[in-house]
Amino acid sequence: MPPGFRDQGPFKGATVMLFADPPVHTRLRGLVSRDFTPRRIREMEPRIRAIANQLLDAVARKGELEVMADVADVLPVMVIAEMLGVPPELYPQFKRWSDTVVAGGNTFPGMPVPEDFRQATDALRGYLAEQIAMRRSKPGPDLISALVAAHADGESLTEAELLAFVVLLLLAGNETTTNLIGNGMLALGRNPDQMELVRSSPELTPRAIEEILRYDGPVQATVRFAAEGAEVGGVAVPPNTGCFAILAAANRDPSRWENPGSFDVTREPQDHVAFGDGIHFCIGAPLARLEGAIAIGSMLQRFPKLRLKDSSVEPKHKGSYFLRGLESLPMAID
């Protein structure tokens, strides 16, 4: 994370789970985790399927599929915005804010954050702060209302913590799932035999999602700080040293994975680290898995002749050293 990003950026110095250790992390996660149980997420499946079908109806009318613009860029932000109680007419604006803030995270160390990043951050936080204030006086069935009311052992989220967590939900629940869908469709398109396996045997879809996460995960790296001195691979790591943990490398470790560079949707599931590990395991993992499975499974079933539009063209990836995702992915559907 670039210096100053936490203070100048979307969290404005508030404590978020991403950067917290116990007991603070334990308190924060305990307050919000009840709204992200697997059961709660499963209850969302019909609505997510309806959104996916709506998007694919538009694709069918158009007669061509651009995976990112038509599905991957749209579905996750629609789902998370609806969860938060955001009206549909604001979904495109939410997507623009999210994309701009995420892009600001790629600012090189020592460089000032871009002005459009500051503007998007202020606009996003301003809107969400208004919504939180409204839910305090007039709660509804949305996630913001549930978080406002969240209590555990007599504690609740502070105003700053609540706003920071809602911002985190939008950012984390948007770009990462977008990349999961896009990277997955690219891997399937480059491996038509694997695509046909998933299409003809939909029960393989959960395994396919795990293989996509392992093979070409949406989050390539994260940053952690050494709580105490250690030695890793013969390199001394002093206390409080910031370290890049390359999740993508771990997920292709040949000592753990057989033929790690091959994409195999029948691979026996193992514990990859695409969602992190330990106490910082992604709280939104069940939702990301469900959205990815519905989006990818629906595209394969709706368009039996789905294939890359031009397999000789190398898709362009977005510029990021934390996230890995595509700018566009045109596919033929007829």
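Trainee: For this particular structure, what's the right way to read empty space enclosed by the protein?
Mentor: Gaps left between atoms show up when a probe the size of a water molecule is rolled over them. Tallied over the entire structure, the rule returns 2 cavities of 30 Å³ or more. Considered as a void within the structure, the largest cavity measures approximately 70 Å³ in volume. Taken together, Arg-207, Glu-210, Glu-211, Arg-214, Trp-257, Arg-267, Glu-268, Pro-269, Gln-270 and His-272 make up the lining of the largest cavity. When the residues that make up the lining of the largest cavity are grouped by side-chain class, the tally is 2 nonpolar, 2 polar and 6 charged.

Trainee: Help me out: how do you make sense of the packing of helix H13 (residues 205–215) against helix H15 (residues 285–302) in this one?
Mentor: Packed helix pairs are specified by the crossing angle of their axes together with the interaxial distance, meaning the distance between the axes. As a packed pair, H13 and H15 sit with axes 10 Å apart at the nearest point and diverge in direction by 110 degrees. Compared by their axis directions, H13 and H15 come out roughly perpendicular. Of the two possible hands of crossing, H13 and H15 adopt the one that is right-handed. Where H13 approaches H15, its residues Thr-205, Ile-209, Glu-210, Ile-212 and Leu-213 are matched on the opposing element by Arg-289, Gly-292, Ala-293 and Ile-296. For the contact of H13 with H15, the class distribution of residues is 5 nonpolar, 2 polar and 2 charged.

Trainee: It is not clear to me how the confidence of the model for the chain should be interpreted in this structure. Could you clarify?
Mentor: Of the residues in the chain, 96% reach a pLDDT of 70 or more, and the chain-wide mean stands at 90. Here helix H1 (residues 5–8) stands out as the element of the chain with the lowest mean pLDDT, 50, in contrast to strand S1 (residues 65–66), whose mean of 98 is the highest. Note that pLDDT drops below 50 for residues 1–5; the model gives that stretch 14 contacts with residues more than four away or on any other chain.

Trainee: Is there a simple way to explain the packing of aromatic side chains in this structure?
Mentor: To describe a pair of aromatic rings, one takes the distance between the centres and the angle between the planes. Evaluated as defined, the whole model comprises 8 aromatic pairs. Ring geometry for Phe-94 and Tyr-127: centres 5.5 Å apart, planes at 85 degrees, overall edge-to-face. Of this pair, Phe-94 sits in helix H7 (residues 91–104) while Tyr-127 sits in helix H8 (residues 115–137); the two residues are 33 residues apart in sequence, bridging distant segments of the chain. Summarising the burial analysis for this pair, Phe-94 and Tyr-127 share the class buried.

Rules and cut-offs
Residue indices begin from 1 for each chain and proceed along its sequence in written order. Only residues with pLDDT of at least 70 get local features here, since the model is predicted, and only at 80 or more are side-chain atom pairs given and counted; chain-wide, interface and lining totals rely on the full set of residues. Only hydrogens and water are set aside when side-chain values are computed; all heavy atoms of the structure are taken into account. Any residue with an atom within 4 Å of a point lines the site, the site being either a cavity, points on a 1 Å grid over the protein atoms alone where a 1.4 Å probe fits but cannot get out, or a pocket, an open set with protein on both sides within 12 Å along at least 5 of 7 lines. Grid points are joined across faces, edges and corners, and a volume is the space filled by probe spheres set on the points. Lys, Arg, Asp and Glu make up the charged group, whereas Ala, Val, Leu, Ile, Met, Phe, Trp, Tyr, Cys and Pro make up the nonpolar group; the residues left over, Gly among them, are polar. Only the stretch in contact is used when fitting a helix axis, every axis being a line fitted to C-alpha atoms; angles between N-to-C directions are given from 0 to 180 degrees. Runs of E in the DSSP output that reach at least two residues are strands. Runs of H or I that reach at least four are helices, and both are numbered from the N terminus. In these notes the angle categories are as follows: under 35 degrees is roughly parallel, over 145 is roughly antiparallel, 65 to 115 is roughly perpendicular, and the rest is oblique. Handedness of a crossing follows from how the near helix is turned relative to the far one, being left-handed for an anticlockwise turn of less than a right angle and right-handed for a clockwise one. By definition in these notes, contact holds between two residues if any of their heavy atoms fall within 4.5 Å. pLDDT expresses, on a scale from 0 to 100, how confident the predictor is about each individual residue. Centre distance within 6.5 Å is the pairing criterion for rings of Phe, Tyr and Trp, where only the six-membered ring of Trp is used; planes under 30 degrees apart are then read as stacked, over 60 as edge-to-face, and the remainder as tilted. Partly exposed describes any residue whose relative accessible area lies between the buried limit of under 20% and the exposed limit of over 50%, with all areas from a 1.4 Å probe on protein chains only and scaled to the type maximum.

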